[in-house]
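Architecture and fold: a report
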Amino acid sequence: MQNLKEVLNQLKTNHLSAEALCEQCIQRLRKTQDLNAYVSVSDSKARRQAQKAQQIYNSGKNIRKLEGIPIAVKDNYSTTDIQTSCASHMLLGYHPPYNATVVQRLLDQGAILMGKTNMDEFAMGSGSVNSIFGPVKNPWKYPFNKKTQNNQSSDYDVRAASNKKTSMDYSANPSKNDSNQETQYVTETDHVTESDQSQAWYVSGGSSGGSAVAVATASCLVALGSDTGGSVRNPASYCGVVGYKPTYGLVSRHGLIPLVNSMDVPGILSKTVDDTAAVLDVIAGHDELDSTTVTDPRVPFNLPDVSRIDIKSFHIGIPKEYHVPTLPGETRQTWQRAADIFENAGAKVSQVSLPHMQYSIVCYSVLNACEVASNMACYDGIEFGHRASTSDSTEALYASTRHQGFNEVVRGRILAGNYFLLKRNYDKYFLQAQRVRRLISQDFANIFKEGIDVLLTPTTLSDAMSYTDYISEDNRTRCEKEDLFTQPVNMAGLPAINIPMEISTSGLPVGLQLIGQSFKDKRLLTISKWFEHQVNFPYSDLVNSIE
Amino acid sequence: MVSKFDRKHYFYADLPAGYQITQHRQPIAVNGYLKYTSLQSAKGNQRPVKKMAKILQIQLEQDSGKSLHDDELRRSLIDLNRAGVGLMEIVTAPDFSTGTEAAAFIKELLLILQTIKVCDGKMSEGSLRVDANVSVHHPGQPLGVRTEVKNLNSITGVTKAIDFEIKRQISELEKGNEIFNETKSFDYVTGKTVTMRDKERLQDYRFMPEPNLLPLRLYTNDTLPTGLSDDQIVNVDKLRDSLPLLPAQKRQAVQDKYGLSYNQAQFLVGEEGLLEYFTDVVEETNRDPLLTYNLLANQVLMYLNREDISIHNSPVCSKRLKELVVLLSHKTISLNTAKKVLEVMFEGDTRLPPDIVEHHNWKQITDPDKIEEYCLDAITKNHKLVSLYKGGKKKVFQNLVGQVHKMAYGRAEPNLVNEILKKKLDQM
């Protein structure tokens, strides 16, 4: 298995060329095309950048931290070269005039962008099934050999599908910007494709499903996602990769199209904690363009060797409120095994309490809807994005544009949010949710004050669901269940990580979540690194099934 | 001292974000006041009356874009250049009774803002806009229903719009009609307020705290925080100490030092650069300030206003005016001559006043003998007027004075002329 440190070493010592590495990733991307992880692919440009990277390696001078490393970025990050759609008709064909800060920082260190990854529309979802480009599929147990693996020329078509038939007077005409020839094309069809229905496949989790799949299938080494209620950790758990959510305020959100400004955090998908730390090192730190980033001076995130991590000095907390009645037995056992790993190695493990956790998901839903209603107000079709062809009045234009551009999930949250923010409701809903949010924050703070270093919990209720099972419930109900364990972390602004632990009896990955103290990201990563080393997740199982 | 930012949501073509960032719940300042002077007419005179208006709050917010309605082509044009730019909204209590009072307040406010270099005061360019809330009521009764006249962008507009609206409301009420709480704009052409095509429904702005902006903290010397660098701290005490002299202080200083009236002091303080110009001249010449003031206010400003030039670009600099003042106060030239010299300088003559006077031979004649000559000359040549005068018509004296000046080409010292002519006439 390739991790960042090894790859960078091979590149530096000429055992691997940047072009070969890039080519490997492109091939894997093609082989796993059916998984629908990517919305846009920029392979021609990537190849050119790999060439340049190789020249730098040849010269041996000015080699940057991520020189020649292929990365993928979720499609809600603004990128100048490639379309940024948020998997929505509202922004289909939209080309931002700037790069998101985190993207720019990665590119400035020599990273090569393979493409933009698929997601739930505007990041609203926990399955990556609500996308205009069709759902993202979990590579685990995916019937690969039953499909024809396309070997096409560059810049392939991603076949788009919509789950429900929605009539639009918008005809897909992507990429109005002629200057980038290499971006993908989306052809939209009104019906669900064969593969979506006929074969059994599992959801990738969401909303950063595409990024998680890209990393799992090694079409890139690391990927950016965004985490508002668990959108990085959830797909990481389902796809068996490391999914990291930094402390709120550590990483700039400038250029990340916002879902919930007070909870969104750029997140990192990778295969090792060391890789995560290396990427965090590049992207973290104050950004003038984001007032919510802290101005404290940056400390580097290099982690100690596993052998030098003294796990006995750490105190692990097990929050009893996470023992929900709906928790399946298998998950409970995995969780217990993880706790035992810590205890057997000499770490202190104790039960702790988060008394207000039961209220968290409801408050999260209210605050989420409120900020969504506010953030989505800028989509009026006037300055950018989709514009309906109505010309009766400005109001009619706005209404049509927004109805056509947004899917039901988005529209539903906007309506709910507007309701909660009405003058007569503000106190009852918004303020009340904020008050409870403070209580939840304090619950965590109290635990950490007593000397707990990290909390250990399941990331999701179970392993990945089949697509048909998953869509048997609507988005709102689904999110309420799937976000249960992850969203309290966002309410409190804490750092948290999913570490893939083992394969379930169904043959799908199971991950565990570690939650750390605000701005103690390094400590969290250190403990995670130790744990990762103990469980030694079988990444090669997936790789073998693909090749 | 903490203030916070909120989002105010509504849909309009000039609001691209779909919300405006403002300070609805906790603005940056509350409970203030502004002292100003309003000119009230009494017996043909204007006397300044000291007033004070309460300022309820000041809030920071974003500007929207500008919308222009093209009625002919039935379309709206949106200019987004100023959308998102920060501005300050100052909200007063209903402390004004007339358009004049409101205008006086605005003038003083503008002057202060210009003095502290926060605003360039160009209302016509949109640097300051006024929304006036107007209502009428009988004395002792509670305030009536108000209408809001929006986007007034000139001082005269403020005065006219408010006065019109007051009259309109009184007229309506006297007819037995109701006043509706509506939004109006002022039509400069017709001089009337007109109702804006507004949504009748009540707007719920769904205010929500702005999640991307931190609370704004202001500190004083006593409350300075540790651990923050200087450029992260806003110290109100420090800012207060660094303020330049404000208009009220400047006016008082001028009145005290030079003995000028309030109106005269206001005149000098009211235009940027004028006071400096004035003090330049007065300090150096150590001459009668009133003399300088009159020359400046009447002759120089008249010319500058006609040509629409600011005092900074005056072709007559303070140095040259100073020389003119010296000549005047020495009685080397008469006031009329001074006006002529100014005229010449404004037309482009760049010489110093003494040189100009010399060149044109405009020195005032102060030799009594010479003047006597002119007087006798005038008497000789105007029998009729002299007879009338001797016969009792004292008014024709002025005509005779005029004749003397004519003969002297206007260079005779007026007081001497009067004196000597009278003497000569009485001697006859």
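For clarity, every value in this text was computed on a predicted model and none was experimentally measured. (Residues numbered from 1 in each chain as written. Chains lettered and ligands numbered in written order. Predicted model: local features only at pLDDT ≥ 70, side-chain atom pairs only at ≥ 80, totals over all residues. Heavy atoms only, no water.)

This paragraph deals with the overall build of chain A. When helices and strands are counted, chain A shows 18 helices and 13 strands. Looking at chain A as a whole, 62% of its 547 residues are labelled buried. A sequence separation of at least 24 residues applies to 81% of the contacts in chain A between residues at least 6 apart. (Helix = DSSP H or I, 4+ residues; strand = E, 2+ residues; numbered from the N terminus. Buried < 20%, exposed > 50% of the residue type's maximum accessible area, 1.4 Å probe, protein only. Contact = heavy atoms within 4.5 Å.)

Moving on to the overall build of chain B. In terms of regular secondary structure, chain B is built from 14 helices and 14 strands. For 428 residues, the compact-globule estimate of 2.2 N^0.38 gives 22 Å, and the C-alpha radius of gyration of chain B, at 30 Å, exceeds that figure by more than 25%. C-alpha atoms of chain B, sized along the principal axes, occupy 95 × 65 × 50 Å. Residues classed as buried in chain B amount to 38% of the 428 residues present. For chain B, the exposed area adds up to about 25,400 Å²; of that, 51% sits on carbon and sulfur atoms. (Rg over C-alpha atoms; globule rule 2.2 N^0.38 Å. Areas by Shrake-Rupley, 256 points an atom, 1.4 Å probe, with all protein chains shown as cover.)

Residues and elements named next belong to chain A. Most of helix α6 (residues 209–216) is tucked away, with eight of its eight residues classed as buried. All buried positions along α6 are accounted for by Gly209, Gly210, Ser211, Ala212, Val213, Ala214, Val215 and Ala216. Two residues or fewer after α6 comes Ala218, characterised by a positive phi angle close to 60 degrees.

Before going further, it helps to examine the pairing of strand β7 (residues 242–245) of chain A. Residues and elements named next belong to chain A. Covered by surrounding structure in β7 are Val242 and Tyr244 together with Gly243 and Lys245, the residues of both alternating faces. As paired elements, β7 and strand β12 (residues 496–503) share three bridges and run antiparallel to each other. What sits directly across from Lys245, in β12, is Ala496. (Pairing = 2+ DSSP bridges.)

Residues and elements named next belong to chain A. Where helix α10 (residues 357–375) contacts helix α12 (residues 408–421), the two axes come as close as 7 Å, and the packing angle between them is 100 degrees. For the element pair α10 / α12, the angle class is roughly perpendicular. From α10, Val366, Asn368, Ala369, Cys370, Val372 and Ala373 reach across to α12, where they touch Arg413, Ile414, Ala416, Gly417, Asn418, Phe420 and Leu421. The class makeup of the residues in the contact of α10 with α12 is nine nonpolar, three polar and one charged. (Axes fitted to C-alpha atoms, helices over the stretch in contact; angles between N-to-C directions. Parallel < 35°, antiparallel > 145°, perpendicular 65-115°, else oblique. Nonpolar A, V, L, I, M, F, W, Y, C, P; charged D, E, K, R; others polar.)

It is worth spelling out the sheet that holds strand β9 (residues 315–319) of chain A at this point. Two modes of strand pairing occur in sheets, parallel and antiparallel, and in both the strands are linked by backbone hydrogen bonds. Residues and elements named next belong to chain A. Strand order in the open sheet made by the eleven strands is β1-β3-β2-β6-β8-β7-β12-β13-β11-β9-β10, with mixed pairing throughout. Whereas interior strands pair on both sides, the edge strands pair on one side only; in this sheet they are β1 (38–41) and β10 (348–352). Neighbour-to-neighbour, the strand axes of this sheet turn through a mean angle of 30 degrees, independent of strand direction. Relative to strand β13 (residues 509–515), strand β11 (residues 454–458) runs antiparallel, the two sharing four bridges. When the bridges of β13 are listed, Leu456 appears paired with Leu514. Where helix α4 (residues 101–108) meets the sheet, it contacts β2 (70–74), β3 (112–117), β6 (222–227) and β8 (265–270), and its direction lies at approximately 165 degrees from that of β6. Across the sheet, helix α13 (residues 423–449) lies against β10, β11 and β13, angled at about 125 degrees from β11, the strand it touches most.

Residues and elements named next belong to chain A. Tallying each qualifying case throughout the model produces zero disulfides over all chains. Summary of cysteine pairing: Cys22 is not part of a disulfide, and the nearest cysteine sulfur, belonging to Cys25, is at 6.8 Å. Of the residues examined, Cys22 reaches a relative accessible area of 1% and is grouped as buried. Looking at the unpaired Cys239, the closest cysteine sulfur is the one in Cys220, lying at 12 Å. (Disulfide = S-S within 2.5 Å.)

A separate point is the confidence of the model for chain A. Summary statistics for chain A give a mean pLDDT of 90 and a share of 90% for residues scoring 70 or more. Counting interchain partners and residues more than four positions distant, the pLDDT-below-50 stretch residues 148–192 of chain A has 104 contacts. (pLDDT = per-residue confidence, 0-100.)

Attention shifts here to the nonpolar core. Counting residues in hydrophobic clusters, the biggest one holds 166 residues, and the most contacted among them are Phe122, Phe342 and Leu456 of chain A. At ten residues, the largest contribution of residues to this core is made by α10 of chain A. Not counting residues within four places of it along the chain, the set of residues in contact with Leu456 of chain A comprises Ile316, Gly317, Ile318, Pro319, Trp335, Ala338, Ala339, Phe342, Leu512, Gln513 and Leu514 of chain A. Of all hydrophobic cores here, the second largest spans 38 residues; its members include Ala297, Leu304, Val325 and Val344 of chain B. (Core = buried A, V, L, I, M, F, W, Y, C linked by side-chain atoms within 4.5 Å.)

Let us now look at the environment of Lys481 of chain A. All names here are of chain A. By the element assignment, Lys481 lies in helix α15 (residues 475–482). On a C-alpha basis, the gap between Lys481 and Ser389 in space is 39 Å, while along the polypeptide they are 92 residues apart. Setting aside chain neighbours within four positions, we find Lys481 in contact with Leu461 and Glu473.

Counting from both sides, the interface comprises 24 residues of chain A and, opposite them, 22 residues of chain B. Buried area between chain A and chain B, both sides added, is near 1,800 Å², and the carbon and sulfur share of it is 55%. Of all residues in chain A, Ser374, Tyr398 and Tyr426 of chain A bury the most surface against chain B, accounting for 24% of the area lost on that side. The interface formed by chain A and chain B holds zero salt bridges in total. Remark: the boundary between chain A and chain B carries eleven residue pairs in polar contact (both at pLDDT 80 or more). Going through the elements one at a time, α10, α11 (394–405), α12 and α13 of chain A are the ones with two or more residues in the side of chain A that touches chain B. The residue inventory of the side of chain A that touches chain B, partitioned by class, reads nine nonpolar, eight polar and seven charged. (Buried area = accessible area lost by both parts, 1.4 Å probe. Salt bridge = Lys/Arg side-chain N within 4 Å of Asp/Glu carboxyl O. Polar contact = N/O pair within 3.5 Å; in protein donor to acceptor, adjacent residues only side chain to side chain.)

Turning our attention to empty space enclosed by the protein. Residues and elements named next belong to chain A. A complete count under the given rule lists three cavities of 30 Å³ or more for this structure. Of the pockets and cavities examined, the second largest cavity occupies roughly 40 Å³. The wall of the second largest cavity is formed by Arg28, Ala216, Thr217, Ala218, Leu542, Val543, Ile546 and Glu547. For the lining of the second largest cavity, the leading source of residues is helix α18 (residues 539–546), giving three residues. Split into classes, the residues belonging to the lining of the second largest cavity amount to five nonpolar, one polar and two charged. (1 Å grid on protein atoms, 1.4 Å probe; cavity = no way out; pocket = protein on both sides within 12 Å on 5 of 7 lines; lining within 4 Å. Points joined across faces, edges and corners; volume = space filled by probe spheres on them.)

With that settled, consider the pairing of β6 of chain A. Residues and elements named next belong to chain A. For β6, the tally of buried residues reaches six of six residues, placing the bulk of the element in the interior. Because side chains alternate across β6, one face comprises the buried residues Val222, Leu224 and Ser226, and the other comprises Ala223, Gly225 and Asp227, equally buried. With three bridges joining them, β2 and β6 adopt parallel strand pairing. Pairing of Val73 across the sheet is with Leu224, part of β6. Bridge analysis of β6 against β8 gives five bridges, and the strand direction is antiparallel. Bridge pairing in β8 places Ala223 opposite Leu269.

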